Amino acid sequence: WGGGGDGDGAGGVVVMRLSGRQHHVDLCYAAEPVANFVAAAAKTCVAIAEGEGSGDILCFLPGVDEIRQCCAMIEEMSGGGGGGRGG
């Protein structure tokens, strides 16, 4: 990476430190491959929400189409309330 600039003398590299909080995260993986990963993700999100009661769920999907499909499936599975924060 190019030297010079506003660095700390180490080849122009700037070291930044940011304070923040750490949050516990539980990771869930499918035990076996699934035919429809979007439907499986939606079903898992609903099961977690119903079992845990409160808290947030973060579900990673590859694209906007899959995200929209998953949101629609979750709304359908949970009665179509549409009260989620995710859009």
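Please refer to the structure placed before this passage.
Residues numbered from 1 in each chain as written. Predicted model: local features only at pLDDT ≥ 70, side-chain atom pairs only at ≥ 80, totals over all residues. Heavy atoms only, no water.

## Quick word on the nonpolar core
Judged by nonpolar contacts, Val38, Ala41, Ala42, Leu61 and Cys70 together constitute the single largest core of five residues. Among the elements that take part in this core, helix α1 (residues 37–52) stands out by supplying three residues, more than any other. Those residues in contact with Ala42 that sit more than four places away from it in its chain are Cys70, Met73, Ile74 and Met77. (Core = buried A, V, L, I, M, F, W, Y, C linked by side-chain atoms within 4.5 Å. Buried < 20%, exposed > 50% of the residue type's maximum accessible area, 1.4 Å probe, protein only. Helix = DSSP H or I, 4+ residues; strand = E, 2+ residues; numbered from the N terminus. Contact = heavy atoms within 4.5 Å.)

## Notes on the environment of Asp26
Mapping Asp26 onto the fold places it in the segment before α1. For Asp26, a relative accessible area of 60% corresponds to the exposed category. When the C-alpha atoms of Asp26 and Ile57 are compared, they prove to be 9.7 Å apart, with 31 residues separating the residues in sequence. One polar contact links Asp26 to His24, side chain to side chain, over a distance of 2.7 Å. (Polar contact = N/O pair within 3.5 Å; in protein donor to acceptor, adjacent residues only side chain to side chain.)

Taken by themselves, the reported measurements are silent on function.
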